[in-house]
Amino acid sequence: MALEQLSDVVQRCQALPEDRYTTEDHDVFTISGRTCIEEGNSAQVLSIVLDEKNQDIVRCMGWNLLPPLIQVLLKKEDKKFSQCLAIFNHLLQTCRPKELLIGLLEQLEQDDPDTIATSLHLLLNPLQKVLLCLGSRKASSLGMTLSSVLDQVAKLPLPHTKEQEEDDIFSLCRCCTDLIDFVKPFVHEARQNLLNTEAQDESGQGGGNEDELQTELLKFCMKTLSHPLLEVQLKDPDTLAVSPLRNFATEILNTLSAIGESVPSLVYEPLLKRKQVPGFLEEEVRYPKESLASLAHLVFVHHLAADTFPSVFSPVFCLRSNMEHIGLLLSRTEEFRIQKGLELYEKSLVRVEDCSLHADLLEIKTFLTVPQNMVKVMTICPRHDLRTRGLKVLQLSIDKFDTEAKYNLFQYMLKTSNHSGVEGYVIKNIKNQIDVALQPGNSNTWFVGAHLLPLLRKVLSLPDGPETDLLHYLDRIMESLNLLRYLVIRDKVTDNQTGIWTELYKIEDTFLKPLRVGVNMSRAHYERELHNTMATKRVKAKEESVLSVSVGDEKLPNMTSESQIQALHSALHTFDMIESVLVRIEELTEVKENL
């Protein structure tokens, strides 16, 4: 029935010009032709399609046969595969490019990862041929095609291990390789257009307009830098000698260079001053910040396109340029972005000499926001390895600042970190800097004398006086006490290089006395709680206590009496530890003051 209908409509249209084909003719051809292919009559359809008398009809209506043809081609085991492939190839040669493009893009849309990869592998080459037939009018169609393809690639799972990339179990690597082959002729054409434009500009004939093909390829590169390249962890050559994803990243950077985008300029120059071009895209759309951060990571961490970078750029200049990229990556919550931010920061710092970064760099916003982001990584990132690495990179960054810059950075972090552990770590660094300053021959004025005292006053204080939660602020309090103990041991009363001995009476009033009161109050409270808990346990030996613990806003299961008693004993031990350091400081000050 369907074959008869197809033969009838074809015979009727043979005698008509294209503009006389009716809507009904189109519908009958489409429905009957698709049904014939689905029912296995592809040999008859092939005969009709190849008939010389039917070429005008095929040119006008043939693209409607693409859906069932592509379904057969995707299932390679179909008995009618060769006939359907012959029909498909003839349609590509005969039908109008714009209609073919629409039909092929409609068939590109898939949801199953396996089907996505197979579909892309099948259709990218036909799409390339169709686009090349569009001549100089292809730019917008190429942009639409690349956008659709990348949307499909984004649905594929990412390989995380060396074995997953080697085996390409998700087919992402094959798709990336196919994608590079797909864009090559368009990159070559855009390159030629660029060279022609430059030649015209030199002769005074250029109009200064941007090539649309170049614009679409730039959008493609920027999008791939964001996904998948920002989200995958590339393997070094030592780990994986042949890496399809690393090759893909290299080709994307090569494409940027080919279409006239300087990779060093993309990494280094401020966003709004990068390129003044009238036309298709605003700057922040043309150069998305996240894509540029991904580019910087590829260059500095994986050393891709490193040979394009002038050697005159100093390590400090490279660090300054990367700080915006680092800050962006570290400000995100996704672990892969945080990891890449830490890697980029570390690689940017290692080439900088210790104590070489001047204090005026802290006037640049990113040099203050990045430490804030580092604090968040170290305190709330779920992954232990990233928290540990964050601490390591923070210390590396501290080591690179000169003494004045360290002094200002410590003040800023004490003011903004709002985390006892971080504050304790900063205080430990202050102690180390004081120790360096007190070494014979050092002329460091920032961690002795008049400059040091304001910093000591900030450190040797209790946030809430005697009522400070000593357990919450334990890290800060213990490091503050250790610093004070160090100062009274290291700095002689007669030298008083740090000024601690003239400041001691103030420290006694603002820090030591309130701390003693706080320890006594806290110990009394916890001893009472311990007494009550043990009494309750004796009365109700097998019942659980009513004590509950909250982390954030989430209430954890009630603690048993044994767990509660253990926690209370631990708290009392902490108060004893604080008191022992307090007593030792008192002994040291009494001895030295009596000398």
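Here is what the cut-offs are and how they apply
- Every chain begins its residue count from 1, and numbering advances along the sequence as written.
- Two thresholds apply to this predicted model, a pLDDT of at least 70 for residue-level local features and 80 or more for giving and counting side-chain atom pairs, whereas whole-chain, interface and lining totals are computed over all residues.
- Only hydrogens and water are set aside when side-chain values are computed; all heavy atoms of the structure are taken into account.
- The criterion for a disulfide is a pair of cysteine sulfur atoms lying within 2.5 Å.
- Helical segments are the DSSP runs of H or I of at least four residues, strand segments are the runs of E of at least two, and each set is numbered from the N terminus.
- Each residue gets one of three labels from its accessible area relative to the maximum for its type: buried under 20%, exposed over 50%, partly exposed in between, using a 1.4 Å probe on protein chains only.
- The contact criterion used is simple: two residues touch if any of their non-hydrogen atoms lie within 4.5 Å.
- The pocket and cavity definitions rest on a 1 Å grid over protein atoms only: a 1.4 Å probe that fits but cannot leave marks a cavity, an open set with protein on both sides within 12 Å along at least five of seven lines marks a pocket, and residues lining either have an atom within 4 Å of a point.
- Grid points are joined across faces, edges and corners, and a volume is the space filled by probe spheres set on the points.
- Amino acids outside the nonpolar list (Ala, Val, Leu, Ile, Met, Phe, Trp, Tyr, Cys, Pro) and the charged list (Asp, Glu, Lys, Arg) are all regarded as polar, and Gly is one of them.
- On a range of 0 to 100, pLDDT expresses the predictor's confidence in each residue.
- Salt bridges are defined as contacts in which a side-chain nitrogen from Lys or Arg sits within 4 Å of a carboxyl oxygen from Asp or Glu.
- The aromatic pairing rule takes the rings of Phe, Tyr and Trp, using the six-membered ring of Trp, and pairs them if the centres are within 6.5 Å, calling planes under 30 degrees apart stacked, those over 60 edge-to-face and the rest tilted.
- Each ring is checked for a lysine NZ or an arginine CZ that lies within 6 Å of its centre and within 35 degrees of its normal; such an atom marks a charge sitting over the ring.
- In this analysis an axis means a line fitted to C-alpha atoms, helices contributing only their contacting stretch, and an angle means the value between N-to-C directions, from 0 to 180 degrees.
- Working definition: roughly parallel below 35 degrees, roughly antiparallel above 145 degrees, roughly perpendicular at 65 to 115 degrees, and oblique for all remaining angles.
- Definitions for this section: a left-handed crossing has its near helix turned counterclockwise from the far helix by less than a right angle. A right-handed crossing has that turn clockwise.

### Things to note about the state of the cysteines
Taken as a whole and assessed by the stated rule, the structure comprises 0 disulfides. Of the cysteine sulfurs around Cys60, a residue in no disulfide, the closest is that of Cys13, at 8.5 Å. Unpaired in terms of disulfides, Cys173 finds its nearest cysteine sulfur in Cys176, a separation of 6.6 Å.

### Remarks on the environment of Leu66
For Leu66, the position within the fold is in helix α5 (residues 66-74). Judged by relative accessible area, which is 0%, Leu66 ranks as buried. Sequence separation between Leu66 and Leu104 is 38 residues; the distance between their C-alpha atoms is 7.3 Å. Excluding residues that lie within four positions of it along the chain, Leu66 makes contacts with Phe88, Leu91, Leu100, Gly103 and Leu104.

### Let's talk about empty space enclosed by the protein
Throughout the structure, instances matching the rule amount to 1 cavity of 30 Å³ or more. For the largest cavity, the calculated volume is near 50 Å³. In terms of lining, the largest cavity is formed by Leu6, Val10, Phe29, Val45, Ile48, Val49, Asn54, Ile57, Val58 and Leu65. If you list the elements that add at least two residues to the lining of the largest cavity, you get α1 (2-14), α3 (42-50) and α4 (55-61). Here the lining of the largest cavity gets 3 residues from one element, more than from any other, and that element is α3. Of the residues contributing to the lining of the largest cavity, the split by class is 9 nonpolar, 1 polar and no charged.

### What to know about α5
Most of α5 is tucked away, with 8 of its 9 residues classed as buried. Those residues of α5 that fall on the buried side of the exposure criterion are Leu66, Pro67, Pro68, Leu69, Ile70, Val72, Leu73 and Leu74. Close packing links the buried residues of α5 with α2 (23-38), α6 (81-94), α7 (97-108) and α8 (113-132).

### Structural notes on the confidence of the model for the protein
For the protein, the average pLDDT comes to 90, and 92% of its residues sit at 70 or higher. Predicted confidence is poor over residues 549-556, with pLDDT under 50, and the contacts of this stretch with residues over four places away or in other chains come to 8 contacts.

### Topic: the pattern of salt bridges
One pass over the full model with this rule turns up 27 salt bridges. For Arg476, the salt bridge identified is with Glu423, shortest N-O distance 3.3 Å. Here the residue Arg476 occupies a position in helix α24 (residues 474-490), and Glu423 occupies one in helix α22 (residues 420-437), the gap between them amounting to 53 residues. A relative accessible area of 8% places Arg476 in the buried class. For Glu587, the salt bridge identified is with Arg584, shortest N-O distance 3.5 Å. Taken together, the residues span about one helical turn, with Glu587 and Arg584 both in helix α26 (residues 561-593) at a distance of 3 residues.

### Section: unusual backbone geometry
Following His227, the chain continues to Pro228 via a peptide bond in cis, the omega torsion being 10 degrees. Take Pro228: it is sitting in the loop between α12 (212-226) and α13 (244-258). Of note, the phi angle at Ala305 is positive, near 60 degrees, even though the residue is not glycine. Mapping Ala305 onto the fold places it in the loop between α16 (289-300) and α17 (315-330).

### A few points about the side chain of Gln128
When you line up the elements, Gln128 lands in helix α8. Non-local contacts of Gln128, meaning those with residues more than four positions away in its chain, are made with Asp181, Phe182, Pro185 and Phe186.

### Points about the packing of aromatic side chains
For the structure on display, the rule yields 11 aromatic pairs. Taken together, a centroid distance of 5.0 Å and an interplanar angle of 35 degrees make the contact between Phe313 and Phe317 tilted. Grouped by ring-pair contacts, the aromatic residues Tyr268, Phe300, Phe309, Phe313 and Phe317 constitute a single cluster. The ring of Tyr486 is capped by Lys431, whose NZ or CZ atom sits 5.2 Å from the centre of that ring.

### Things to note about the packing of helix α20 (residues 384-400) against helix α21 (residues 403-416)
Between α20 and α21, the least distance of the axes is 9 Å, while the angle of their chain directions is 140 degrees. Taken together, the axis directions place α20 and α21 in an arrangement best described as oblique. The handedness of the crossing between α20 and α21 is right-handed. Of the residues in α21, those touching α20 at Leu394, Ile398 and Asp399 are Lys406, Leu409, Phe410 and Met413.

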